[in-house]
Structure formats: structure tokens, C-alpha cells
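Below are the chains, spelled out letter by letter.
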Amino acid sequence: MRSLKVSLGERSYPIHIGRGLLDRGDLIVPHLKKPRVAIVTNDVVAPLYLDRLRTTLDAVGVASSAVILPDGEVHKDWATLNRVYDALLSERCERSTTLVALGGGVIGDMGGFAAATYQRGMPFIQIPTTLLSQVDSSVGGKTAINHPLGKNMIGAFYQPRLVLADIDTLDTLPDRELAAGLAEVIKYGLIRDGEFFDWLEGSIERLGARDTDALAFAIERSCANKAEVVAADETEQGERALLNLGHTFGHAIEAGMGYGQWLHGEAVAAGAMMAAELSRRLGWIGADQVARIREIHQRARLPVTGPALPVDRYLDLMAGDKKVEGGQLRLVLLRAIGKAVMVGDVGRDEIAATIASCTR
Ligand code: NAD
Ligand code: GLY
């Protein structure tokens, strides 16, 4: 098992990464206020892992209840969130009950928001079961649901007390979902870890083939990058915004196509290519670097162009991005592979031309 820490003073918490962690009740118990948990999961993950987790909890004397939500990004909404509150209330969960999110990023984000708001806040634990959630969404305390007018628009910063990433769970993950997780892994290399990007160029096929050592290293390195950024800028006043490379374009793709049509990681991959291409147009990176970025996404079996929505539709959706300040769109672009910057003065024409050249 590899362990890291997100350093946030009294709210610091560990991230444990390894195989067989779903059986390790001893890792969970120290983070509970009372021996009672409410597990939030979905109808895909529950048949795979819910009984195993409940058996583990039972063995260490922790009582558990479970709410099983419908699967999918399309259900990351108010109606589904309300089902979590319904379950917590009808089970008479207390403030001292710990909410455990067992699933991918949708369950983690929605379960985390329920925990942040139920009785003004209950403790919560992340047990991420997708690559994307193990390398990104379970760490850092961003919780949210979607609104029809924008992705992740309703939410809160609310940190978990523990992240338990069991690599065994990736054995059942569909190939397309594994690839989507690789988009966020590649993102860390692009924004702040050029050495990791170099390693990824030599290892991406091993990751696609689910090689245990490669996965463990990539998850640990991704979480280490994320933990550093979150510790320095928990509520995204500065550096944390760089973690959104490709996301402004990507969120427009997700919302514009209808939630769930494009996976989040797929949209981020196409968005990262748009950011790279715009960076090239501005003269910051060369065509050779854009080619390297395209190639690693292709080798990871990720899309490198966006869907052919009208350019105005992209721009309209991007105008609602959370990074917009004073009506000015701000984008994360690249000065080099391994160095992202936030830019607020790119002309609309440059952005439109980039979108037009990166969609089909
Ligand atoms: P997801 O939660 O929809 O999971 C992907 C699919 O895999 C789902 O069908 C799920 O049921 C299934 N699944 C989960 N674990 C499985 C397993 N072990 N075996 C088989 N199937 C499994 O999607 P995701 O990619 O994990 O997360 C995407 C979400 O995360 C988006 O909503 C995105 O906005 C959010 N996100 C949040 C943050 C953050 O910082 N909070 C960061 C990145 C992404
Ligand atoms: N996934 C972006 C962030 O956590 O800030």
C-alpha cells in the first residue's frame, strides 16, 4: 500500500492506494466519529462491491446502511441528490454518521455534496472505484451536482476524512472508462509535471493494459500532484484553477452534447487538445509539442477533436464557466509541456478559430 497526505491543518487526511483495500476495515475505523456509516453508491457499483464493503465494516463493528442511485452523469442532479437526503433522513442518520461514497466521480461529487449539506455537514469518506476518481475527483474536496445550464454549478468545497483507492476495483472498469481516467492523468503531466509526462510517453500502453505497478505509480504521482496543489490553494483562488486544463472547452462539450454522451475524461482530452492548439497559435508552444500531446491522447484511445457543435454554441457555453471574471473568459493554456498558465486576454476570434480547427 502507498500512502499520501493532503495537508490542510486539522482537516488533513490520508490517501491510501493499493490492492485489497476494500477488505481493510482497520483503515476506515480511525476516521469515524461513531461506528455508523451510510454508503452512497449506484446500481452498477453496488452489485460489484457493496456487499464486500459492508462485510468489511460489519467485521470491525461498524453498522451500515446503503442508498443505491441510478448510474450516470445524467443523474448527477437535484432529483437524485434528494434521494440521498431522503435515505439519510428515513434511516435517521445523525451528524455523527459518516457518509461513504463508493463509486466513480459522479457518486463522489454527489455524495460529497450531500455530506456537506446534510444537517449542515456530516463526515465523509471517499472510496473511488474508477481511475478518474482515484487520480482526481476523490481528492481535494470539490463536490457538486450539474445544472441544465452548466456542469458542476451547484456545489461546495468539502473535504473527505479519508480516500481509499483500491486498485482491484479497476479490474471491472470498462476500457472506455479506463481511457477517460487517463485523460486526467495526462493532464497532471501537461500542467506541472513534465517528468511525469515523459514517463507516460514510455508507459501509456502499460496503463491501458492495467499493469498493476504502472497503475499504482500513475495514481500515486497524480494524487501527489493534486495534493500539493490543493494544500496550497484549497478553494481555487489561484494555482488550483490550473487543474482545469481542457475543462472549459470540455464542459462545453459535455453540456452541449447532453450529459453522459461524452465521458468527462473524453471531453477533457478534446479540450486539452484545443488548449494546446490555442497555445500554439499564440506562439507559446511549437507544433512538435502539440504533436506529442496529440499522440499520447491517441495512444490512450482518447478523442483529440471535439464534436462539431456550432462554434457559437461552444462560446456560449464557455461564457458560463466558473473561471469567468467580470465577464472575461479565462483559460488554462500551456507555456510548455509541464507548465500551464491562466490567461484572461485571449481574443474571441482566436478562440473561435481554435474551436473550428479542433472539431469535426
Ligand atoms: P462515473 O462516476 O460516471 O463512473 C464511470 C462509470 O463507471 C459509471 O457507469 C460507473 O457506474 C462505472 N463504474 C464505477 N466504478 C466501476 C468499477 N469499479 N467497475 C465497473 N464500473 C464502474 O464517472 P467518473 O469518470 O468516475 O467521474 C466523472 C465525474 O467526476 C464527472 O461528473 C466529473 O465532473 C467529476 N469530476 C470531479 C472532480 C472533482 O475534483 N471533484 C474532478 C474530476 C472529475
Ligand atoms: N478537478 C479540478 C480540481 O479539483 O480542482
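In this report, the structure presented in the accompanying data block is examined. (Residues numbered from 1 in each chain as written. Chains lettered and ligands numbered in written order. Predicted model: local features only at pLDDT ≥ 70, side-chain atom pairs only at ≥ 80, totals over all residues. Heavy atoms only, no water.)

## As for the pairing of strand β1 (residues 2-6)
Sheet analysis places β1 next to strand β2 (residues 13-18), joined by five bridges and oriented antiparallel. Of the residues in β2, the one forming a bridge with leucine 4 is isoleucine 15. Between β1 and β2, which follow one another and run antiparallel, lie six residues, and glycine 9 among them has a positive phi close to 60°. (Pairing = 2+ DSSP bridges. Helix = DSSP H or I, 4+ residues; strand = E, 2+ residues; numbered from the N terminus.)

## Focus on helix α13 (residues 348-357)
The set of residues buried in α13 consists of Ile351, Ala352, Thr354 and Ile355. All buried residues of α13 project into a common sector of 160° when viewed along the axis, lining one side. Buried residues in α13 make contact with α9 (247-257), α10 (264-281), α12 (311-318) and β10 (331-336). (Buried < 20%, exposed > 50% of the residue type's maximum accessible area, 1.4 Å probe, protein only. Arc of directions from axis to C-beta. Contact = heavy atoms within 4.5 Å.)

## As for unusual backbone geometry
In this structure, arginine 120 takes a positive phi of about 65° despite not being glycine. With respect to the helices, strands and loops of the structure, arginine 120 is situated in the loop between α4 (105-117) and β6 (124-128). Backbone geometry at asparagine 152 places phi at a positive 55°, although glycine is not the residue there. Positionally, asparagine 152 belongs in strand β8 (residues 150-157). Residue classification places asparagine 152 among the buried positions, given a relative accessible area of 17%.

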